[in-house]
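Read off the chains here:
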Amino acid sequence: MGSPGAGKGTQAQLLQQDFDLPYFATGDILREEIKNETELGSKAKEYMDRGDLVSDELVIDMIRERLVVPESADGFILDGFPRTVVQAEALEELLIGIGRAVTAVVALEVDDEEAVSRLSGRRVCVKSGHTFHIEFDPPKHEGRCDLDDSRLIIRDDDQLGTVRKRLETYSKKTEPIFSFYEERGVLLRVDGSQQPDQVHAHIRALIATVRFEETV
Ligand code: AP5
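Keep in mind it's a predicted model, so treat the numbers as computed, not measured.

### Some details on the site of the ligand
(1) Moving on: Looking at the ligand, there are 35 residues lining it, with T10, D52, R83, R122 and R166 nearest.
(2) Moving on: Between T26 and the ligand, the recorded distance is 2.7 Å, taken from a side-chain N or O atom to a nitrogen atom.
(3) Moving on: When isolated, the ligand has an accessible area of 1,000 Å², and the protein chains bury 96% of it.
(4) Moving on: Listing elements by their share of the shell around the ligand, those giving two or more residues are α1 (8–19), α2 (26–35), α6 (112–120) and β5 (131–133).
(5) Moving on: Ranked by residues supplied to the shell around the ligand, first place goes to α2 with 4 residues.
(6) Moving on: Looking at the shell around the ligand residue by residue, the classes come out as 12 nonpolar, 14 polar and 9 charged.

### Observations concerning the packing of α2 against helix α3 (residues 39–49)
(1) Moving on: At their nearest, the axes of α2 and α3 sit 8 Å apart, and the two run at 115° to each other. Crossing geometry of α2 relative to α3 is assigned as left-handed. On α3, the residues that touch G27, L30, R31, E33 and I34 of α2 are L40, G41, A44, K45 and M48.
(2) Moving on: When the residues that make up the contact of α2 with α3 are grouped by side-chain class, the tally is 5 nonpolar, 2 polar and 3 charged.

### Notes on the side chain of R122
(1) Moving on: With respect to the helices and strands, R122 occurs in strand β4 (residues 122–125).
(2) Moving on: Separated by 3.0 Å, the side chains of R122 and D158 make a polar contact.
(3) Moving on: Excluding its chain neighbours within four sequence positions, the residues that come into contact with R122 are T131, F132, H133, I153, I154, R155, D158 and R166.

Thresholds applied
- Residues numbered from 1 in each chain as written.
- Predicted model: local features only at pLDDT ≥ 70, side-chain atom pairs only at ≥ 80, totals over all residues.
- Heavy atoms only, no water.
- Near = heavy atom within 4 Å.
- Polar contact = N/O pair within 3.5 Å; in protein donor to acceptor, adjacent residues only side chain to side chain.
- Areas by Shrake-Rupley, 256 points an atom, 1.4 Å probe, with all protein chains shown as cover.
- Helix = DSSP H or I, 4+ residues; strand = E, 2+ residues; numbered from the N terminus.
- Nonpolar A, V, L, I, M, F, W, Y, C, P; charged D, E, K, R; others polar.
- Axes fitted to C-alpha atoms, helices over the stretch in contact; angles between N-to-C directions.
- Left-handed = near helix turned anticlockwise from the far one by under 90°.
- Contact = heavy atoms within 4.5 Å.

As structure tokens, this is what we get:
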């Protein structure tokens, strides 16, 4: 968890390499649906473009179908879900139903100005979705992805006005989840304002203290 620009995608990709687990980022899945011009994509686009959340029902269904398959049997990494208390409750219920539980919730904390500066310089690979930053993590060749030389683009919702709205939505609708997970003793707060490798090291150190596979 973390505000827009907190570094969720950056850190989740590193953790995915560490643990080799399926990785589900609701924002990426929704953007893929928009790209493929699906019905779900057309419903989601309007909300995303104005910095609002897509309806709980849609994203809960989207996640449910990914967690109940055999590929997720050894665990998974979620990025950007849950984002409301309703989603957190639905996830809990879904996991109880399959004899699982949330092991760790990493909350990346950065202030709004840092988030705005990160998002205004973000560039995303049109093909792999890999993320760069023109100042903090520049690609080797301007406008091209280091991994596959595809074009780098600016996300539609990274316009300043939309970023401000996304930050507001986060503090209103997502921050209340912190206490939900605090009560369950799984919330790990991390200072997300350091360098990406330092943030990653901090997360790894905290995760090392967690008991894995809390099968209920
Ligand atoms: P989503 O795609 O999840 O966007 P977000 O939460 O706004 O987060 P971002 O992807 O913008 O930021 P990030 O934290 O991943 O940062 P990143 O690592 O890229 O969601 C988009 C939309 O989809 C939502 O607004 C909503 O409409 C909808 N949606 C998604 N999930 C939903 C749900 N569950 N329910 C309802 N609606 C949902 O890093 C940002 C930049 O900073 C990069 O350029 C990076 O290189 C740089 N950077 C990263 N870490 C550091 C660091 N430590 N120091 C310096 N720079 C850094």
